[in-house]
Amino acid sequence: MSDPQTQTNRALAPRGGSGEMFDRIAGRYDLLNRIISLGIDQGWRRRTVRSLGLASHESPRVLDLATGTADLAIMIAEMLPRANVVGVDPSRGMLAVGDEKIARAKLNARVSLQFGEAERLPLEDRSVDGITMAFGIRNVADRPAALREMARVTRPGGKVAILELSDPKPGPLSAMARFHIHTVVPWLGSILSGSREYRYLHESIAAFPSAERFAALMGESGLDVVEVAPLTFGVVHLYVGTPKA
Ligand SMILES: C[S@@+](CC[C@H](N)C(=O)[O-])C[C@H]1O[C@@H](n2cnc3c(N)ncnc32)[C@H](O)[C@@H]1O
């Protein structure tokens, strides 16, 4: 049994992956992201935007969930020059960094950020043409509720593209990837950020369901799965769904 002080500390500590946890690392998040992912993360995000299939849409409205510091929201606006993008996230610290980046990119007219959680979206039914969510669903406490919300706010035929880290299946190349995620990342994260939050990263990856199980959860939560693509030896998966008719 733990002592009362430990219990108090636990009660004060933000839940792993919560908005409060990300508030603590917001200022260092982008730099750490690039270093830890060896710069590959932007290629994964581009693939996610392409999977929405909105290149020829006249003026798509796109929701970027768990937008954080708005890397993906900005990329959507750059890749789809007629799109309007709304980014939603429960970390005010991450959103503040994102707002500065949007202003620097002169995209304020087409990209806006809102405080909110995936489980309770501040949006009308069928009001967006596509949704992206990169490295966010792992942090969501009630994933079925979040997926149902995505199905609710996407118009019929629109796509929901979820990018998430996964534990690579055993194999010689994936052994390197596993070593990177489970040993190098927590070590680099704690050295560079001076905080322990990056330990949470590999714990949450190990706790995330298999690609098959997560795709099944999408199906049970109102989305028809149209693609499940392992990327970079299965370090991440891209899951694409569309609201069930
Ligand atoms: C690893 S960051 C990803 C940020 C960004 N999408 C990117 O690609 O860099 C995860 C984000 O999930 C957000 N988050 C945590 N719980 C959430 C929830 N319930 N709904 C939506 N976002 C959430 C955090 O605040 C954090 O900004």
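Residues numbered from 1 in each chain as written. Predicted model: local features only at pLDDT ≥ 70, side-chain atom pairs only at ≥ 80, totals over all residues. Heavy atoms only, no water.

**Observations concerning the site of the ligand**
Our working rule: One heavy atom within 4 Å of a molecule or strand is enough for the residue carrying it to be called near that molecule or strand. Pairs of N or O atoms within 3.5 Å make up the polar contacts considered here, provided that, within protein, one atom can donate a hydrogen while the other can accept it, and that residues adjacent in sequence are counted only when both atoms are side-chain atoms. Calculation of accessible area relied on Shrake-Rupley with a 1.4 Å probe; when residues are assessed, cover is drawn exclusively from the protein chains displayed. Strands here mean DSSP runs of E at least two residues long; helices mean DSSP runs of H or I at least four residues long; both are numbered from the N terminus.
If you check the shell around the ligand, you find 20 residues, and the closest are Tyr29, Arg45, Ala66, Asp89 and Ala134. In this structure, a nitrogen atom belonging to the ligand sits 2.7 Å away from a main-chain N or O atom of alanine 66. Computed on the free molecule, the ligand has an accessible area of 600 Å², of which 98% lies beneath the protein chains in the complex. Counting residues per element, the ones that place at least two in the shell around the ligand are α2 (19-25) and α3 (29-36).

**A word on the pattern of salt bridges**
Quick note on the threshold: Any carboxyl oxygen of Asp or Glu that lies within 4 Å of a side-chain nitrogen of Lys or Arg is treated as forming a salt bridge with it. Any residue under 20% of the maximum accessible area for its type is buried, any over 50% is exposed, and the rest in between are partly exposed; the area is computed with a 1.4 Å probe on protein chains only.
Taken as a whole and judged by the stated rule, the model has eleven salt bridges. Here arginine 152 makes a salt bridge to aspartate 125, at a shortest N to O gap of 2.7 Å. Separated by 27 residues along the polypeptide, arginine 152 in helix α7 (residues 143-153) and aspartate 125 in the loop between β3 (111-115) and β4 (128-134) bring together distant segments of the chain. Between aspartate 129 and arginine 155 there is a salt bridge, with the nearest N and O atoms lying 2.7 Å from each other. With aspartate 129 in strand β4 and arginine 155 in strand β5 (residues 154-165), the pair connects residues that are 26 residues apart, well separated along the chain. You can call aspartate 129 buried: its relative accessible area is 13%.

**Quick word on the sheet that holds β4**
Spelled out, the test is: Here, any two strands with at least 2 DSSP bridges between them count as paired. Between N-to-C directions, angles cover 0 to 180 degrees, with each direction set by a line fitted to C-alpha atoms, over the stretch in contact for helices.
Spatial strand order, β3-β2-β1-β4-β5-β7-β6: seven strands in an open sheet with mixed pairing. Whereas interior strands pair on both sides, the edge strands pair on one side only; in this sheet they are β3 and β6 (223-231). Shown here is a sheet whose adjacent strand axes are inclined to one another by a mean of 20°, direction ignored. Two elements, β6 and strand β7 (residues 236-243), share eight bridges in a ladder whose sense is antiparallel.

**A word on the nonpolar core**
Nonpolar side chains in soluble globular proteins generally cluster together in the buried interior. Selection criterion: What we call a nonpolar core is a set of buried Ala, Val, Leu, Ile, Met, Phe, Trp, Tyr and Cys residues that are connected through their side-chain atoms within 4.5 Å. Note on contacts: a residue pair is in contact if any heavy atoms of the two residues lie within 4.5 Å.
Ranked by internal contacts, the top residues of the largest apolar core, which has 38 residues, are Leu163 and Val236. Top contributing element to this core by residue count: helix α5 (residues 71-79), with six residues. In contact with leucine 163, other than residues within four places in its own chain, are Trp44, Arg45, Thr48, Met133, Ala134, Phe135, Leu231, Val236, His237 and Leu238. With 26 residues, the next largest nonpolar core counts Leu63, Ala118, Met150 and Leu223 among its residues.

**Considerations on the packing of aromatic side chains**
Threshold: For this analysis, a ring pair means two rings from Phe, Tyr or Trp (six-membered ring only for Trp) whose centres lie within 6.5 Å, classed as stacked if their planes differ by under 30 degrees, edge-to-face if by over 60, and tilted for the remaining angles. For a Lys NZ or an Arg CZ to count as sitting over a ring, it must be within 6 Å of the ring centre and within 35 degrees of the ring normal.
In the structure shown here, the tally under the stated rule is four aromatic pairs. Note on phenylalanine 22 and tyrosine 29: the rings are 6.3 Å apart at their centroids and 70° apart in plane angle, and the pair reads as edge-to-face. One aromatic cluster is present, built from ring pairs that chain together Phe208, Phe214 and Tyr239. The ring of phenylalanine 115 is capped by arginine 92, whose NZ or CZ atom sits 3.8 Å from the centre of that ring.

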